[in-house]
Amino acid sequence: MGPHGHQSFLLLLALCATGAFVSTTVLSGLPTTVSVMESVGPGTIIMEFNLTCQNESSVPTPAPTLQSTPPTSFFNQPIVTRHTSPTVHYSVQITLSPSAALDAQQVNQYTLTIEATCPGEMPANGQLFVVVQTVDGPPQCMARFASQVGDLVQVPEDVAPLTPIYTVVLRRPASGLRFTIEDNDTPLTIDHAGQVLAPGSGFIPAHAGQAFRLQILVTDRSGRNCSGAVTVRVLPIHHPRINFTAEWRSVAVLEKRGAMQLVTQVHAQGDNVRYEIIAPVAHGLYTIDAVTGELRNTYELDLQRSPEVAHTQLLVRAYNMLHPSDSDTMGLNITVLSTNTLAPRCSPAVFLAQVSEDTPIGWTLVTLTCMDPDASNSSLRYQVEGNQRSRYSFRMQGPQLQVNETLDYDSAASAHFQYVATILVTDSGQPALSTRVPVLVTVTPKNEHSPACPASAMFSVPEDAAFGDTVGRVNGTDLDYPFDNIEYSIAGGAGASPPAFYIGPRTGEIHVLGPLDYESKQVYILTVQLQDVANDADPRHQRRVLCDITIQVQDTNDQPPCCTPPFQEFFIYSTRDPSLPLVQLQCSDEDKSTVLPLTYTLVGGNTNERFRLAGSTLLHSAFSYPPDSIREPHIFELLVEVTDSLSAPRHSTTATLVVHVTPWATTTPSTTTTRTQTLQKKPLVVTRIERFWAPSPWFVAVLTVSMVLLLVALAWLSWKLLCRPAPGKSAQPLLQDRASSDSHVAKNNAAPGELDKETGRASILSLLQVRITSSTAAPERAAGSEQTLPPGCEWAPRPMTLPHPALGHSRHHLPWSEWTQPSPSPPLLSPCTGSERAHPALGLSGHSLPPPPIPESS
């Protein structure tokens, strides 16, 4: 292929790529314009043209579309017909639709856009311009209307006057037409638009069931015409007659309400009803609305100015507006009442009461005394108001307020045991006036139900329960409000004194009070008293019930085994046969829960392992007592521990067996010396658990503080009694005359005879207890006698009269100076030397200070 051939090939490819060889559908003869007369009918072919597809074998047949401007439904979609001769082509027809009604005066041209597409080809568009031309022809009536039978119209008898019941329609509308009814002898008419109208006064009952045939002529301006017929059939309907439901009505109206106030409204049954007052003819007092039947007064009704208005009788007529002969009458008896201004007055104005919940139905709570100030003979109506609960709880029997249902205190708890209601008292005046009497009824309780025992009355408690442990709770019930308000007490069955159980008076909880022992008592049947509290207005009215509560004591391992006897002593010879049992221990356990056999163990005294246990049987081995040996003991103190269980809790006891072995030589002892080691006995510690009282920590603290306060009080009291302050003046002798301090000094200076008389009245022991202390007097010293006072001490003169047998005098006056401190000291105790003072002549023991020298003159 040369250069030119390549260029041609490339040009061909380019044309194919740009679509230059894609064929297009052809609409032959479009665009074009056609003229159509406005008188043409539906189905008329407006235009026919050819549609050619380049692909002659196009399948399926193309379906052109049509769009009209302006939009209309006068044209059908294009009709396509396939032709194969001489070549394959399609013919397309544009036709008028059945609804076509061309009118050149309205639209004189339509533009139809036709679009067709063959398969695989480009679409083709074409326009067809349809011009509508006016045709000046005679009027054309519709076929049915112009037929010999004509149209048929059915109308009800009660159709409204002048209602259009039929309209003449022409095949081609036109203007300037005139419609007439030929030889019209019917009540029907026709207007200029061709509408047949109902009679001006409507159809009368005589027209019901009749048929009226109308021959209608339609004429244009040129005198051309068409005609048709229509038959109007009047359908009869049921006419309800006008009537009032009552012949008379009594109406009461209040005076002084103003003019044009509604008095009453009458209503009659029927159609198109109108109302009028026919008697009295010239009343002028009342007027009635003809449509609604509302009766109103024309001016204000005042009995004082116009007493004649008190009673008026009117006769009202109701009639059918379309048929005035259809009518009915009613009589009205109008009474004008004086205005009610004062409400009833009642006594008491407020009612408060307390009633028991067992008050019987029909019981009268209060009788009201009410009167109407406006009229003494006015009848009063009584009614109970309030919430649903209060309204149904009471009833009115005339002026009496009575109980209507049981006043249950228990169900009234949610309402605070109160019923609040109102008695409505209404008079018979106009307008009716009412008075309300508030009522407050408080329900008091009545103890109607006894406490009930609980359904479950059996508890269990272990025998080792501690003091205060809870066994169970007695849940008694009481249907009286407050519900289940019960006091509990044990009336019997709690055991001996002290009782084994006690019950909480308010909680009903049973607690352990004393020790329990399954082995001595397994079941306790308590008689518990349930007594309700605060369930009655009278606190003395209480109900009680006794309930049997069963408490089962559960067995626990709390007792150690017991051996009988606990101590045994045996004497045997060393040559005793080891196969023979030495003793069988007799031990038992009081705990019934111990089902395993007791366990026996040697825990002490088994020196050199000479003894063994086989169950509760004690066996021994052979003894050997060589003559030169002292290591084998002759006395064995065996301790056997007896245990009742292998798991906790377990208890044990110890049995003591003392075996005395007496050596008995039956053979010549061997020369071989056997050395045995005597084990040192270890002290056996036996632990025994005993119950003891462990008070609460707060109790110990309170007890300690109380003891400290008591000790402080005793110390303070002792100090007050023993450590009294020294008086400012010299004290008098306890058993001497009650004289002043000055007279006592004078007695010291008196003659010996006088002193003897005074001192003779006191005994020696009494004089030894007399101590006269003076912080102001100077110490009296004897000649040639000097003594040094310790620091803090001073001289105090103490005159004493003592008998001295050595001097040959029965009584002698011995002045004696004693060391004392300013502070008081115990009797016969020197605070300076710390030793007791005693007189040698009295034979008293103790180290005493030497008395001062006795003057010779004495």
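Thresholds applied
Residues numbered from 1 in each chain as written. Predicted model: local features only at pLDDT ≥ 70, side-chain atom pairs only at ≥ 80, totals over all residues. Heavy atoms only, no water. Helix = DSSP H or I, 4+ residues; strand = E, 2+ residues; numbered from the N terminus. Buried < 20%, exposed > 50% of the residue type's maximum accessible area, 1.4 Å probe, protein only. Pairing = 2+ DSSP bridges. Axes fitted to C-alpha atoms, helices over the stretch in contact; angles between N-to-C directions. Disulfide = S-S within 2.5 Å. Core = buried A, V, L, I, M, F, W, Y, C linked by side-chain atoms within 4.5 Å. Contact = heavy atoms within 4.5 Å. Patch = residues over 30% accessible without salt bridge, like charges linked within 9 Å, V, L, I, M, F, W, Y side chains within 5 Å. Areas by Shrake-Rupley, 256 points an atom, 1.4 Å probe, with all protein chains shown as cover. Salt bridge = Lys/Arg side-chain N within 4 Å of Asp/Glu carboxyl O. Phe/Tyr/Trp six-rings, centres within 6.5 Å; stacked < 30°, edge-to-face > 60°. Polar contact = N/O pair within 3.5 Å; in protein donor to acceptor, adjacent residues only side chain to side chain. pLDDT = per-residue confidence, 0-100.

Focus on the overall build of the protein
Then step 1. Tallying secondary structure elements over the protein gives seven helices and 51 strands in all.
Then step 2. For the protein, the residues scored as buried account for 35% of the 858 residues in total.

Points about the sheet that holds strand S36 (residues 486-492)
Then step 1. Taken in spatial order, the four strands make up an open sheet running S34-S40-S39-S36, and their pairing is mixed. The two strands at the open ends of the sheet, each matched to only one other strand, are strand S34 (458-462) and S36. Taking the axes of each pair of neighbouring strands and ignoring which way they run, one obtains an average angle of 35° across the sheet.

Brief notes about the pairing of strand S3 (residues 45-52)
Then step 1. In the sheet, strand S1 (residues 26-27) pairs with S3 via two bridges, with the strands oriented antiparallel. Bridge pairing in S3 places valine 26 opposite threonine 52.
Then step 2. Relative to strand S6 (residues 89-95), S3 runs antiparallel, the two sharing six bridges. From the neighbouring strand, asparagine 50 faces S6, where its bridge partner is serine 91.

Some points on the state of the cysteines
Then step 1. Applying the stated criterion across every chain, the model contains five disulfides.
Then step 2. Disulfide partner of cysteine 141: cysteine 226, at an S-S distance of 1.9 Å. With the S-S dihedral at roughly 75°, the linkage between cysteine 141 and cysteine 226 falls on the right-handed side. One end of the pair, cysteine 141, is in the loop between strand S8 (124-133) and helix H2 (143-146); the other, cysteine 226, is in strand S15 (residues 225-235), and 85 residues separate them in sequence.
Then step 3. You can call cysteine 141 buried: its relative accessible area is 10%.
Then step 4. What pairs with cysteine 563 in a disulfide is cysteine 587, and their sulfur atoms sit 1.9 Å apart. With the S-S dihedral at roughly 100°, the linkage between cysteine 563 and cysteine 587 falls on the right-handed side. Highlighted residues: cysteine 563 in strand S41 (residues 562-563) and cysteine 587 in strand S44 (residues 587-588), separated in sequence by 24 residues. For the pair shown, cysteine 563 and cysteine 587 are each scored as buried.

Considering the nonpolar core
Then step 1. Counting residues in each nonpolar core, the largest one holds 28 residues, and the members touching the most others are Phe49, Leu51, Phe75, Ile94, Leu128 and Val130.
Then step 2. Elements with a minimum of two residues in this core: strand S2 (32-37), S3, S6, strand S7 (109-116) and S8.
Then step 3. Among all residues touching phenylalanine 75, those that are not within four sequence positions of it are Ile46, Leu66, Ser68, Thr95, Leu96, Ser97, Tyr110, Leu112 and Val130.

Some points on the environment of proline 156
Then step 1. Looking at the secondary structure, you find proline 156 in strand S9 (residues 151-156).
Then step 2. The exposure class of proline 156 is partly exposed, given its relative accessible area of 36%.
Then step 3. Considering only alpha carbons, one finds proline 156 and leucine 235, 79 residues apart in sequence, at a separation of 4.6 Å.
Then step 4. Among all residues touching proline 156, those that are not within four sequence positions of it are Phe203, Leu235 and Ile237.

Looking at a nonpolar patch on the surface
Then step 1. A cluster of nonpolar side chains, Trp698, Phe699, Val700, Val702, Leu703, Met707, Leu710, Leu711 and Leu714, forms an exposed patch at the surface whose accessible area comes to about 880 Å².
Then step 2. Mapped onto the secondary structure, phenylalanine 699 falls in helix H4 (residues 697-722).

A short note on the sheet that holds strand S12 (residues 189-190)
Then step 1. Spatial ordering of the open sheet is given by S10-S13-S12, a layout of three strands whose pairing is antiparallel. On the outer flanks of this sheet lie strand S10 (164-167) and S12, each paired with one strand and no other.
Then step 2. Direction of pairing for S10 relative to strand S13 (residues 195-197): antiparallel, over a ladder of three bridges. Across the sheet, the residue bridging to threonine 167 is glutamine 195, located in S13.

Considering the packing of aromatic side chains
Think of a pair of aromatic rings as described by two things: how far the centres are apart, and how the planes are tilted against each other in angle.
Then step 1. Overall, the coordinates contain 11 aromatic pairs when judged by the stated rule.
Then step 2. Between phenylalanine 394 and tyrosine 419, the aromatic rings sit 5.8 Å apart at their centres with planes inclined by 90°, giving edge-to-face as the arrangement. Here the residue phenylalanine 394 occupies a position in strand S30 (residues 394-397), and tyrosine 419 occupies one in strand S32 (residues 418-426), the gap between them amounting to 25 residues.
Then step 3. Among the residues examined, phenylalanine 394 registers a relative accessible area of 2% and is labelled buried.
Then step 4. With a relative accessible area of 3%, tyrosine 419 lands in the buried category.
Then step 5. An aromatic cluster is built from Phe74, Phe75 and Tyr110, whose rings are joined through pairwise contacts.

Regarding the pattern of salt bridges
Then step 1. Within the structure shown, the criterion is met by 10 salt bridges.
Then step 2. With a closest N to O distance of 2.6 Å, glutamate 276 and arginine 317 form a salt bridge. Here the residue glutamate 276 occupies a position in strand S20 (residues 273-279), and arginine 317 occupies one in strand S23 (residues 311-320), the gap between them amounting to 41 residues.
Then step 3. Here arginine 296 makes a salt bridge to glutamate 294, at a shortest N to O gap of 2.8 Å.

Notes on the environment of serine 489
Then step 1. Examined against the element boundaries, serine 489 turns out to sit in strand S36.
Then step 2. Looking at serine 489, the relative accessible area reads 28%, which means it is partly exposed.
Then step 3. In the structure, serine 489 is positioned 39 residues away from valine 528 in sequence and 5.7 Å away in space, judged by C-alpha atoms.
Then step 4. Dropping the residues within four chain positions of it, serine 489 is found in contact with Ile503, Thr527, Val528 and Gln529.

Thoughts on the pairing of strand S48 (residues 635-643)
Sheet faces and side chains relate simply in a regular strand, where the side chains alternate between the two faces.
Then step 1. Where strand S45 (residues 599-604) lies against S48, five bridges are found, and the strand directions are antiparallel. Bridge pairing links threonine 601 to glutamate 641 in S48.
Then step 2. Bridging between S48 and strand S49 (residues 652-662) involves nine bridges; their strand directions are antiparallel. Along S49, the bridge assignment pairs leucine 639 with threonine 656.

Notes on the side chain of threonine 359
Then step 1. Counting through the fold element by element, threonine 359 comes out in the loop between strand S26 (351-356) and strand S27 (364-367).
Then step 2. Note on threonine 359: relative accessible area 11%, which makes it buried.
Then step 3. From its side chain, threonine 359 meets the backbone oxygen of serine 356 in a polar contact 2.6 Å long.

Considerations on unusual backbone geometry
Then step 1. Residues alanine 279 and proline 280 are joined by a peptide bond in cis, for which omega reads -10°.
Then step 2. Its place among the elements puts proline 280 in the loop between S20 and strand S21 (286-288).
Then step 3. With an omega dihedral of 0°, the bond running from serine 347 to proline 348 counts as a cis peptide bond.
Then step 4. Within the fold, proline 348 resides in the loop between strand S25 (345-347) and S26.
Then step 5. Even without glycine at this site, aspartate 183 takes up a positive phi of about 50°.
Then step 6. By secondary structure assignment, the location of aspartate 183 is in the loop between strand S11 (178-182) and S12.
Then step 7. The exposed category is assigned to aspartate 183, whose relative accessible area is 77%.
Then step 8. Non-glycine residue methionine 260 carries a positive phi angle of around 55°.

Comments concerning the confidence of the model for the protein
Then step 1. Scored by pLDDT, the protein comes out at a mean of 77, with 74% of its residues at no less than 70.
Then step 2. Predicted confidence is poor over residues 1-21, with pLDDT under 50, and the contacts of this stretch with residues over four places away or in other chains come to five contacts.
Then step 3. Across residues 728-858, confidence stays below pLDDT 50; counting only partners more than four residues off in sequence or on other chains, it has 171 contacts.

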